[in-house]
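Chains, contacts and geometry: an overview
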Amino acid sequence: MSTSSTDNDGQGMIVNPKPTADNQDWDGDDADRADRLRFEEEQAMIREQSEARAAKAAAEAGTAKKATA
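To start, this report covers the structure provided alongside it.

So, the overall build of the chain
A tally of regular secondary structure across the chain gives one helix and zero strands. The buried share of the chain, reckoned over its 69 residues, is 1%. Accessible surface, the chain as shown: approximately 6,600 Å² in total, 53% of it carbon and sulfur.

Overview of the pattern of salt bridges
All told, the structure shown has two salt bridges when counted by the stated rule. The closest approach of N and O atoms between Asp-30 and Arg-33, which form a salt bridge, is 2.6 Å. Here Asp-30 pairs with Arg-33, and both are found in helix H1 (residues 30-68), just three residues apart, close to one helical turn. Residue Arg-33 is classed as partly exposed on the basis of its relative accessible area of 34%. In this structure, the salt-bridge partner of Asp-35 is Arg-38, at a minimum N-O distance of 3.0 Å. Within this pair, Asp-35 and its partner Arg-38 are both found in helix H1, separated by three residues, close to a single helical turn.

Rules used throughout
- Residues numbered from 1 in each chain as written.
- Predicted model: local features only at pLDDT ≥ 70, side-chain atom pairs only at ≥ 80, totals over all residues.
- Heavy atoms only, no water.
- Helix = DSSP H or I, 4+ residues; strand = E, 2+ residues; numbered from the N terminus.
- Buried < 20%, exposed > 50% of the residue type's maximum accessible area, 1.4 Å probe, protein only.
- Areas by Shrake-Rupley, 256 points an atom, 1.4 Å probe, with all protein chains shown as cover.
- Salt bridge = Lys/Arg side-chain N within 4 Å of Asp/Glu carboxyl O.

Encoded structure:
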């Protein structure tokens, strides 16, 4: 039996199930939920670092402004 690239038996393919009309609460498996949680935590950390850098830059700009006045 020879196989060709046109065979559509699903072997070696990644299948991402999508919610159906009768299953709107589909949330993926545990790995999907862990990935989302990890992503949300990384985004929160990036926001915190960004806000800290902005506050530091504003403080430095205020200090520089006072030094020139």
